[in-house]
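# Report on the structure
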Amino acid sequence: MISPLKIGSLQVKLPIIQGGMGVGVSRSGLASAVAKAGGIGVIASVGANSEVLGEEVRRAKETSRGAIGVNVMAAVSDSAQLIETAVESGADVLFLGAGLPRLPRTVARRLNELSTHFAVIVSSPRAMRVIFRLWSKHYSAVPDAVVVEGPMAGGH
């Protein structure tokens, strides 16, 4: 028997998280199919502006009624706006990677009130400790989950 996956107060039937796969691959159609099956469907934010991302999240939430996540790369210049949009659009989980993930002030101020959960993507225990220290200092909180990726992750 497979145990459900819990991230904070979010619980999904299957411990399966679909990866946020680049431009045009991980959109609302794929994410909602994974969510309908009982996992967490993930929309990639890379290559999307805030308007497109918001519409993709809303569409996936409407068509699946399951858990929808968004992958945001901290290294992109508009990561703060993408994080805000994902939260405001109702994303259940944000997967933050590709750099040191910082939250925009508008999100950080409401961190304890949000239904959105935050998972950081790291490559080592050292990176995790750095992020946890930074979040503890600036947000008085730590991420809800950690995703550990090896050097071949993402195929880059």
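For the structure itself, consult the block above.
Notes on the structure follow. (Residues numbered from 1 in each chain as written. Predicted model: local features only at pLDDT ≥ 70, side-chain atom pairs only at ≥ 80, totals over all residues. Heavy atoms only, no water.)

### Concerning the nonpolar core
Heads up, the condition is: What is meant by a nonpolar core is a set of buried Ala, Val, Leu, Ile, Met, Phe, Trp, Tyr and Cys residues, joined one to another through side-chain atoms within 4.5 Å. Buried residues are those whose accessible area, probed at 1.4 Å on protein chains only, stays under 20% of the maximum for their type, while exposed residues exceed 50% and partly exposed ones sit between those limits. Each helix is a run of DSSP H or I of at least 4 residues and each strand a run of E of at least 2, with the numbering of both proceeding from the N terminus. The contact definition used throughout considers only heavy atoms, calling two residues in contact when any of these lie within 4.5 Å.
Core analysis: the biggest nonpolar cluster contains 29 residues, and Leu 53, Leu 94, Leu 96, Leu 103, Phe 118 and Trp 135 have the highest contact counts within it. When residues of this core are traced back to their parent elements, those giving at least two are helix H2 (28-36), helix H3 (50-64), strand E4 (67-73), helix H4 (79-88), strand E5 (93-97), strand E6 (117-122) and helix H6 (125-139). Other than its neighbours up to four places away in sequence, Leu 96 contacts Val 72, Ile 83, Pro 101, Leu 103, Phe 118, Ala 119, Val 120, Ile 121 and Trp 135. Within the second largest apolar cluster, 11 residues are counted, among which are Ile 7, Leu 10, Val 12 and Ala 67.

### Points about a nonpolar patch on the surface
Rules: For patch detection, residues must exceed 30% relative accessible area and be free of salt bridges, and they are connected within 9 Å for like charges or within 5 Å for nonpolar side chains (Val, Leu, Ile, Met, Phe, Trp, Tyr). Only the protein chains shown count as covering a residue, and every accessible area follows the Shrake-Rupley method with a 1.4 Å probe. Salt bridges are identified by distance alone: a Lys or Arg side-chain nitrogen within 4 Å of an Asp or Glu carboxyl oxygen.
A cluster of nonpolar side chains, namely Met 21, Val 25 and Leu 30, defines an oily patch on the protein surface of about 240 Å² accessible area. Within the secondary structure layout, Met 21 lies in the loop between strand E2 (10-12) and helix H1 (22-25). Take Met 21: its relative accessible area is 41%, and that puts it in the partly exposed class.

### Comments concerning the packing of aromatic side chains
What counts is decided by this rule: Pairing of aromatic side chains requires ring centres within 6.5 Å, counting the rings of Phe and Tyr and the six-membered ring of Trp. Pairs whose planes differ by under 30 degrees are stacked, by over 60 edge-to-face, and all others tilted.
In this structure the tally under the stated criterion is 2 aromatic pairs. Residues Phe 118 and Trp 135 carry aromatic rings whose centres are separated by 6.1 Å and whose planes lie at 65 degrees to one another, so their mutual orientation is edge-to-face. On the criterion of sequence distance, the pair formed by Phe 118 in strand E6 and Trp 135 in helix H6 is long-range, its members being 17 residues apart. Considered together, Phe 118 and Trp 135 belong to a single accessibility category, that of buried residues. Pairing Trp 135 with Tyr 139 gives two aromatic rings, centres 5.3 Å apart and planes at 85 degrees, and the pair type is edge-to-face. Separated by 4 residues within a single helix, Trp 135 and Tyr 139 lie in helix H6, roughly one turn from each other. On the accessibility criterion, Trp 135 (1% relative accessible area) is buried.

### A short note on unusual backbone geometry
Apart from glycine, the bulk of residues carry a negative phi angle, and the bulk of peptide bonds sit in the trans form. A positive phi angle is found at Arg 65, which is not glycine, with a value near 60 degrees. Positionally, Arg 65 belongs in the loop between H3 and E4. Here Ala 98, not a glycine, exhibits a phi torsion of approximately 60 degrees, which is positive. In this fold, Ala 98 is placed in the loop between E5 and helix H5 (105-108).

### Remarks on the side chain of Ser 32
The criterion, for reference: Here a polar contact is taken to be a pair of N or O atoms separated by no more than 3.5 Å, where protein atoms must pair a possible hydrogen donor with a possible acceptor and residues adjacent in sequence count only if both atoms sit in side chains.
Assignment of secondary structure puts Ser 32 in helix H2. Here the side chain of Ser 32 touches Gly 29 through a polar contact of 3.2 Å, landing on its backbone oxygen.

### Digging into the pairing of E5
Short version of the rule: Note: two strands are recorded as paired if DSSP finds a minimum of 2 bridges between them. When the strands point away from the viewer, a crossover counts as right-handed if the path from the first strand over the helix to the second runs clockwise.
The element E5 is extensively covered by neighbouring structure, given that 5 of its 5 residues are classed as buried. The alternating pattern of E5 places Val 93, Phe 95 and Gly 97 and Leu 94 and Leu 96 on opposite faces, both of which are buried. Sheet topology places E4 next to E5; 5 bridges connect them, and they run parallel. Its bridge partner being in E5, Gly 69 is matched across the sheet by Val 93. Once you follow E4 into H4 and on to E5, the crossover reads as right-handed. Of the pairings in the sheet, the one linking E5 to E6 comprises 4 bridges and is parallel in character. Looking at E6, one finds that Leu 96 is bridged to Val 120.

As far as function goes, none of this settles anything; it's purely spatial.
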